[in-house]
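Structural description and commentary
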Amino acid sequence: MALVPAHGAGCGASTTPAVPVAGGGPVNSEVAWDTFDPQSYVQKNYSALRDDDREILRRVRDFFADSDLRDARCVDVGSGANLYPVLPLLPFARRLDLCDLAPSNLDWLARQVECYDGIWDPYWQVCAERPSYAALADPRARLAAIGRVLRISVFDLPRHAWNAGTMFFVACSISADRVEYERAIGRFLDALCPDSPFAAAFMLGSRGYRVGQRWFPAVELGRAEVAATIAARAYELDFREVRPDPPLRDEHLTMLLVTGRTSG
Ligand SMILES: C[S@@+](CC[C@H](N)C(=O)[O-])C[C@H]1O[C@@H](n2cnc3c(N)ncnc32)[C@H](O)[C@@H]1O
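Remember, predicted model here, so these are calculated numbers, not experimental data. (Residues numbered from 1 in each chain as written. Predicted model: local features only at pLDDT ≥ 70, side-chain atom pairs only at ≥ 80, totals over all residues. Heavy atoms only, no water.)

This paragraph deals with helix 8 (residues 223-231). Buried within helix 8 we find V226, T229 and I230. Each buried residue of helix 8 sits inside an arc of 90 degrees when the element is viewed along its axis, so together they form one side. Exposed side chains of helix 8 directed beyond 90 degrees from the buried face belong to A224 and A228. Tucked into the core, helix 8 has its buried residues touching helix 7 (178-191), strand 6 (197-204), strand 9 (234-242) and strand 10 (254-262). (Buried < 20%, exposed > 50% of the residue type's maximum accessible area, 1.4 Å probe, protein only. Helix = DSSP H or I, 4+ residues; strand = E, 2+ residues; numbered from the N terminus. Arc of directions from axis to C-beta. Contact = heavy atoms within 4.5 Å.)

Structure below.
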């Protein structure tokens, strides 16, 4: 069955003008994000907790638990149809903002924030292996109380607005443009106050991905490239490459988790 490239009718929510791409792939504003199907995405990627995601979640959990974070304004950028990056922030957050552009994802997020589906319970159980998480008796009610869904582009994030943040599979997976990939990282880190802890995940080696019958672009990245982009703006960095098990659509794809603190 033919795949339909998801560009040509972009929802154009960013106020930032598109930058032409040397390689010819679509820039972020050219992608039809309104065709992103959250149900297909969740079903394919998160309906069963994979060992690789469990490993990433444990590391993010331990990182935030050891970060001396409390009563924080937290943000997850490009949340899409994934709740697991926000779960490790829950015990330490006063407010938790989940940001995206796609109307379908924003609707999905609003429903999940109100009362999240049972598929996220195994993810929370991983968090609850640590006492600071286990102490939170009702994570569902907590997310409903402090979660807020925002329609905002990563390129339009306000400066120094949050004290902790996550951004999973976004900078690498929102266009085919390296300049936009770098700007997305810069805007994410700049949205956090100086010295804020953050966790960001990247799909290394990806040229794009399928959601239902739609094809979305990616920037093909290597570990050194991501490390160089982030090291310019952060410190206390830790890089963990996780090989998907079982392999994802393509054998050479790996996931890179980066944790650290933002520079001033
Ligand atoms: C590959 S998905 C990642 C979703 C989720 N964070 C995860 O971990 O699976 C990329 C997400 O970025 C969102 N997105 C695309 N352009 C964006 C932009 N300019 N600002 C913020 N989010 C954007 C898409 O709607 C989609 O939800």
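Moving on, there is more to tell.
The subject of this paragraph is the site of the ligand. Taken together, 21 residues are adjacent to the ligand, and Y41, Y46, G78, D100 and V154 come closest. A distance of 2.9 Å separates a nitrogen atom of the ligand from a polar atom in the side chain of N28. Note that a nitrogen atom of the ligand is positioned 2.8 Å from one of the backbone N or O atoms of V154. Contact with the protein chains hides 99% of the accessible area of the ligand, taken as 590 Å² for the molecule alone. Across the shell around the ligand, the residue classes tally to 12 nonpolar, eight polar and one charged. (Near = heavy atom within 4 Å. Polar contact = N/O pair within 3.5 Å; in protein donor to acceptor, adjacent residues only side chain to side chain. Areas by Shrake-Rupley, 256 points an atom, 1.4 Å probe, with all protein chains shown as cover. Nonpolar A, V, L, I, M, F, W, Y, C, P; charged D, E, K, R; others polar.)

Another point: the pairing of strand 2 (residues 72-77). Burial of strand 2 is extensive: five of the six residues sit out of reach of the surface. Note: strand 2 against strand 5 (residues 164-168), three bridges, orientation parallel. Paired with V75 across the strands is G165, a residue of strand 5. (Pairing = 2+ DSSP bridges.)

In this section: the packing of helix 7 against helix 8. At a minimum axis distance of 10 Å, the contact between helix 7 and helix 8 shows a crossing angle of 40 degrees. Taken together, helix 7 and helix 8 sit at an angle that is classed as oblique. Crossing hand, helix 7 versus helix 8: right-handed. Note on element contacts: helix 8 touches helix 7 through E225, V226, T229 and I230, opposite R178, Y181, E182, I185 and L189. The class makeup of the residues in the contact of helix 7 with helix 8 is five nonpolar, one polar and three charged. (Axes fitted to C-alpha atoms, helices over the stretch in contact; angles between N-to-C directions. Parallel < 35°, antiparallel > 145°, perpendicular 65-115°, else oblique. Left-handed = near helix turned anticlockwise from the far one by under 90°.)

Let us look at the sheet that holds strand 4 (residues 147-151). Pairing is mixed across the open sheet formed by seven strands, whose spatial order is 4-3-2-5-6-10-9. Edge positions in the open sheet fall to strand 4 and strand 9, since each of these has one partner strand only. Ignoring which end each strand starts from, the neighbouring axes of this sheet average 15 degrees apart. Where helix 7 meets the sheet, it contacts strand 2, strand 5, strand 6 and strand 10, and its direction lies at approximately 165 degrees from that of strand 6. Sheet contacts for helix 8: strand 6, strand 9 and strand 10; angle to strand 9, the most-contacted strand, approximately 160 degrees.

Here R54 lies in helix 2 (residues 51-65). Given the relative accessible area of 26%, R54 is considered partly exposed. Taking C-alpha positions, R54 is 7.2 Å from V126, a pair spaced 72 residues apart along the chain. For R54, the residues in contact, after removing those within four places along its chain, are L49 and V126.

Attention shifts here to the packing of aromatic side chains. Considering all chains together, one arrives at 17 aromatic pairs under this definition. Residues Y46 and W120 carry aromatic rings whose centres are separated by 6.0 Å and whose planes lie at 45 degrees to one another, so their mutual orientation is tilted. Of this pair, Y46 sits in the loop between helix 1 (38-45) and helix 2 while W120 sits in the loop between helix 3 (103-114) and helix 4 (121-127); the two residues are 74 residues apart in sequence, bridging distant segments of the chain. Each member of the pair, Y46 as well as W120, is classed as buried. (Phe/Tyr/Trp six-rings, centres within 6.5 Å; stacked < 30°, edge-to-face > 60°.)

Our focus in this paragraph is the pattern of salt bridges. Pairing between side chains of opposite charge can happen when the charged atoms of each approach one another. By the definition in use, this model includes 19 salt bridges. Between R58 and E129 there is a salt bridge, and its shortest N-O distance comes to 3.0 Å. Of this pair, R58 sits in helix 2 while E129 is found in the loop between helix 4 and helix 5 (131-134), placing the two residues 71 residues apart along the sequence. Residue classification places E129 among the partly exposed residues on the basis of a relative accessible area of 43%. As a salt-bridge pair, R130 and D66 come within 2.8 Å of each other at their nearest N and O atoms. (Salt bridge = Lys/Arg side-chain N within 4 Å of Asp/Glu carboxyl O.)

So, on to the environment of P217. Here P217 is to be found in strand 8 (residues 214-217). We classify P217 as buried; its relative accessible area is 8%. Between the alpha carbons of P217 and G25 there is a distance of 7.4 Å; along the sequence they are 192 residues apart. Setting aside residues up to four positions removed in sequence, P217 forms contacts with P26, V31, S173, I174, S175, A176, G208 and Y209.

Keep in mind that these numbers describe shape and distance, not what the molecule does.
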